[in-house]
Amino acid sequence: MATSVLLADFQYLTRQGIASLIKAMPGFDLIKSIDSPHSLVDFVTTINPDLVVIDISDKDKELVPQLKFLKETTSCNFLVISNSQTRNSIQELLTMGIKGVLTKNCSEEEIISALRAVSLGNRFFCNNILDLVVDNPKEVDDCEPTSLTPREFEVLDLITKGLTTAQIANQLNLSVHTINSHRKNILKKLRLNSPTELVVYALETGLVKKSR
């Protein structure tokens, strides 16, 4: 069954580009595209799509409480595309449980990866968003894709749970060599230097869920 998508984008050119991207993706069905922030709650609660892609700019402050309401009252996954460059505004989205956040500078590759990840219930944040919510926030420029694969998210989740390389390999029915390759790729993509940094980074940014 295709993933049903509602696109809430209030800038015509951006909306057209993202709509075309979604329509071209196998397994995704763009069932509605809206251009007014005032109709967001009505359409989402009526249609109840699997995934809501929403564009939030600094001037659309009324969208944040709407988004929080929808996050608390629906089962939809939300991918937010934001022009915000402040740590507090991004942290607010993460605190309410938004699983995917991109900036408007992200490439098509980044957007496609985010759509796939968030539609599966995984978290996905581009590197610029990650930089904004850790200790060294920097000004947003062109976005370098994080693009962790679903398998890399699995490996990352098990790393944060304290499993050894051998244990991860056994659980995923992969070789130790393959798991080590995934570790190296994850560190490279997230621009980190050690497994310890990786665990702290993943948990602090919400890239994976904390174990209960």
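The notes below deal with the structure included here. (Residues numbered from 1 in each chain as written. Predicted model: local features only at pLDDT ≥ 70, side-chain atom pairs only at ≥ 80, totals over all residues. Heavy atoms only, no water.)

### Notes on the overall build of the protein chain
Each helix and strand counted, the protein chain has ten helices and six strands in total. Split into buried and exposed, the 212 residues of the protein chain put 50% on the buried side. Relative to all contacts within the protein chain whose residues are 6 or more apart in sequence, the contacts with residues 24 or more apart total 63%. Accessible area for the protein chain stands at about 10,800 Å²; split by element, carbon and sulfur atoms hold 48% of it. (Helix = DSSP H or I, 4+ residues; strand = E, 2+ residues; numbered from the N terminus. Buried < 20%, exposed > 50% of the residue type's maximum accessible area, 1.4 Å probe, protein only. Contact = heavy atoms within 4.5 Å. Areas by Shrake-Rupley, 256 points an atom, 1.4 Å probe, with all protein chains shown as cover.)

### Quick look at the pairing of strand E1 (residues 3–8)
In terms of residue burial, E1 counts as a mostly covered element, since six of its six residues are buried. The sheet contact formed by E1 and strand E2 (residues 28–34) spans six bridges and is parallel. Note on E2: the bridge partner recorded for Thr3 is Phe28. Two elements, E1 and strand E3 (residues 51–56), share four bridges in a ladder whose sense is parallel. (Pairing = 2+ DSSP bridges.)

These figures come from the coordinates and say nothing about function on their own.
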